[in-house]
Amino acid sequence: MSDDSTQFSGTMEVRERHKFDVAALESYLKKNIVGFTGPLKVSQFKGGQSNPSYMLETPDRRYVLRRKPPGKLLPSAHAVDREYRVLTALAKTDVPVPKTYCLCEDESVIGTMFYVMDFLNGDIEWDPSLPGYSKANRVAVFDSMNAAMAALHQVDYKAVGLESFGKPTDYLARQISRWTKQYRASETESIEAMDNLMAWLPDNIPPGDETAIVHGDYRLDNTVLDKSSHRVMGILDWELATLGHPIADFSYHCMTWRLEPELFRGLNGLDLRALGIPTEEQYVQAYCERTGRDGIEHWDFYAAYNMFRLAAILQGIVGRVKDGTASNKNAADVAVRVKPLALRGWEQAEKIIKGV
């Protein structure tokens, strides 16, 4: 089991700064969820760098509550209302998501906005090499992840009521601008590679535009795997979801193949054939077949962009640790990953600049 699994999996007693009035929550849920009965027991999931998540247990069933963290927050961050909206809309599609029950925008109930969804009794794995799995089960996991993302990108966002979920054009330009601002707002040290990427990326966006629902943070550890079939039964953590470019979303997911295990839960350097895990090329080809594409151009640009974006996301966590608003006690550990990710992103950009 990886360190991340040990640190972030399972539940614990609610952290002091994340505690709230359980009786007030129980009273609210009785009024807003059909069939909800007490008494209510609350514990906190260890994971969740951004939005604190809680296990709600009653004599009849289990639920999950996701809330905005207390304290000073970055602009546009922690959008649990957007998570609720996209999860509710996707319930009508083939994309595997947990059922939602209610969204509470009244901060007087537990102190911040929250929503409640089903608890999925499956496995959450943090190590993409899937230690302890057979080769056949690893094949099932990766094939299922690929199919789930392809299904998401093929959803007609207008048909499911998400036409206003985001702007339908210029996703990459807007994302680069957004994460540049977020990075600057939480910057704790000068990193030349990040400065280089923030200057280079906006002027080198590939031509062509597409629009789909994008998850924004699609990784193995944001999925729940069925305990028997080992296929994805639910996709979690939709905070960064919006309307955007599907290849930007898919290429972020594919960084798993380009990063080492110690840098950010990657597969680079592992014997994929022995593990039964597809290569990056095989995985991309499967996605292309499922989405009717002949191939994907400008792959190195997307890699550079996503390494910049992930570095900015992690820097935001570092900033929240400094401000005292991070929701995970281990969040400070991510600080050491920001600079290596920026360096790797700039290496990808230099390949394009040099025409390698």
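Residues numbered from 1 in each chain as written. Predicted model: local features only at pLDDT ≥ 70, side-chain atom pairs only at ≥ 80, totals over all residues. Heavy atoms only, no water.

Draft legend 1. Structural view of the sheet that holds strand β3 (residues 53-57). Sheet architecture is open: six strands sit in the order β1-β2-β3-β4-β6-β5, paired in antiparallel fashion. Two strands bound the open sheet, and with one partner strand each, they are β1 (11-12) and β5 (100-104). Examined bridge by bridge, β5 and strand β6 (residues 114-118) share four bridges and lie antiparallel to one another. Bridge pairing in β6 links Cys-102 to Val-116. On top of the sheet, helix α2 (residues 22-32) reaches β2 (41-45), β3, β4 (62-67), β5 and β6; it is set at about 120° to β5, its chief contact. Seen against the sheet, helix α3 (residues 80-90) touches β4, β5 and β6 and runs at an angle of roughly 155° to β5. (Pairing = 2+ DSSP bridges. Helix = DSSP H or I, 4+ residues; strand = E, 2+ residues; numbered from the N terminus. Contact = heavy atoms within 4.5 Å. Axes fitted to C-alpha atoms, helices over the stretch in contact; angles between N-to-C directions.)

Draft legend 2. Main features of the packing of helix α5 (residues 171-186) against helix α6 (residues 192-200). The geometry of α5 relative to α6 is characterised by a closest axis approach of 10 Å and an angle of 150° between their N-to-C directions. The angle between α5 and α6 places the two elements in the roughly antiparallel class. Here α5 runs over α6; the crossing is left-handed. Packed against α5, whose contacting residues are Thr-180, Tyr-183 and Arg-184, the element α6 presents Met-194, Asp-195 and Met-198 at the interface. Of the residues that constitute the contact of α5 with α6, the class distribution is three nonpolar, one polar and two charged. (Parallel < 35°, antiparallel > 145°, perpendicular 65-115°, else oblique. Left-handed = near helix turned anticlockwise from the far one by under 90°. Nonpolar A, V, L, I, M, F, W, Y, C, P; charged D, E, K, R; others polar.)

Draft legend 3. Representation of the pattern of salt bridges within the structure. This model, assessed by the stated rule, comprises 20 salt bridges. The partner of Glu-13 in a salt bridge is Lys-19, and the shortest N-O contact between them spans 3.9 Å. It is possible to trace a salt-bridge network through shared partners that takes in Asp-217, Arg-219, Asp-221 and Arg-265. (Salt bridge = Lys/Arg side-chain N within 4 Å of Asp/Glu carboxyl O.)

Draft legend 4. The environment of Ile-296, seen in detail. Turning to its location among the elements, Ile-296 is positioned in the loop between α10 (280-291) and α11 (299-323). When the C-alpha atoms of Ile-296 and Ser-251 are compared, they prove to be 9.8 Å apart, with 45 residues separating the residues in sequence. The residues contacting Ile-296, other than those within four sequence positions of it, are Ile-247, Phe-250, Val-284, Tyr-287 and Cys-288.

Draft legend 5. How the structure looks around the state of the cysteines. A full pass over the atoms with the stated rule returns zero disulfides. Considering cysteine sulfurs only, Cys-102 is the nearest to Cys-104, which forms no disulfide, with 7.2 Å between them. By relative accessible area, which is 1% here, Cys-104 ends up buried. Not engaged in a disulfide, the cysteine Cys-288 finds its nearest cysteine sulfur in Cys-254; these two sulfurs lie 9.3 Å apart. (Disulfide = S-S within 2.5 Å. Buried < 20%, exposed > 50% of the residue type's maximum accessible area, 1.4 Å probe, protein only.)

Draft legend 6. Seen up close, the confidence of the model for the protein chain. Predicted confidence across the protein chain gives a mean pLDDT of 91, with 91% of residues reaching 70 or more. Residue range residues 1-8 is modelled with pLDDT below 50. Its contacts to residues more than four positions away, or to other chains, number 18 contacts. (pLDDT = per-residue confidence, 0-100.)

Draft legend 7. Spatial organisation of the pairing of strand β9 (residues 232-235). Two elements, strand β8 (residues 223-225) and β9, share three bridges in a ladder whose sense is antiparallel. Across the sheet, the residue bridging to Thr-223 is Ile-235, located in β9. Where β8 hands over to β9, the hairpin turn is made up of six residues, of which His-230 adopts a positive phi near 65°.

Draft legend 8. Region of the structure containing the environment of Thr-188. Secondary-structure assignment places Thr-188 in the loop between α5 and α6. Separated by 73 residues in sequence, Thr-188 and Tyr-115 place their C-alpha atoms 32 Å apart. At 3.0 Å, the side chain of Thr-188 forms a polar contact with the side chain of Gln-315. (Polar contact = N/O pair within 3.5 Å; in protein donor to acceptor, adjacent residues only side chain to side chain.)

Draft legend 9. Unusual backbone geometry, seen in detail. Between Gly-38 and Pro-39 the backbone carries a cis peptide bond, its omega angle lying at 0°. Inspection of the secondary structure assignment puts Pro-39 in the loop between α2 and β2. Positive phi is not limited to glycine here, since Arg-265 has a value of about 45°. Mapped onto the fold, Arg-265 is located in the loop between α8 (261-264) and α9 (272-275). Positive phi, close to 60°, is recorded for His-298, a residue that is not glycine. Overall, His-298 belongs to the partly exposed group, its relative accessible area being 41%.

Draft legend 10. Structural view of α2. For α2, the full list of buried residues reads Leu-25, Glu-26, Tyr-28 and Leu-29. When α2 is viewed along its axis, its buried side chains cluster within an angular range of 165° and face the same direction. Exposed positions of α2 whose direction lies more than 90 degrees from the buried face are Ala-23 and Lys-31. Looking at the buried residues of α2, the elements they touch are β3, β4, β5 and β6. (Arc of directions from axis to C-beta.)

Draft legend 11. Inspection of the environment of Ala-24 at higher detail. Within the element layout of this structure, Ala-24 appears in helix α2. Between the C-alpha atoms of Ala-24 and Tyr-287, which are 263 residues apart in sequence, the distance is 46 Å.

Draft legend 12. Molecular detail of the side chain of Gln-175. Mapped onto the elements, Gln-175 comes out in helix α5. Owing to a relative accessible area of 7%, Gln-175 belongs among the buried residues under this scheme. The residues touching Gln-175, leaving out its near neighbours within four places in the chain, are Tyr-305 and Arg-309.

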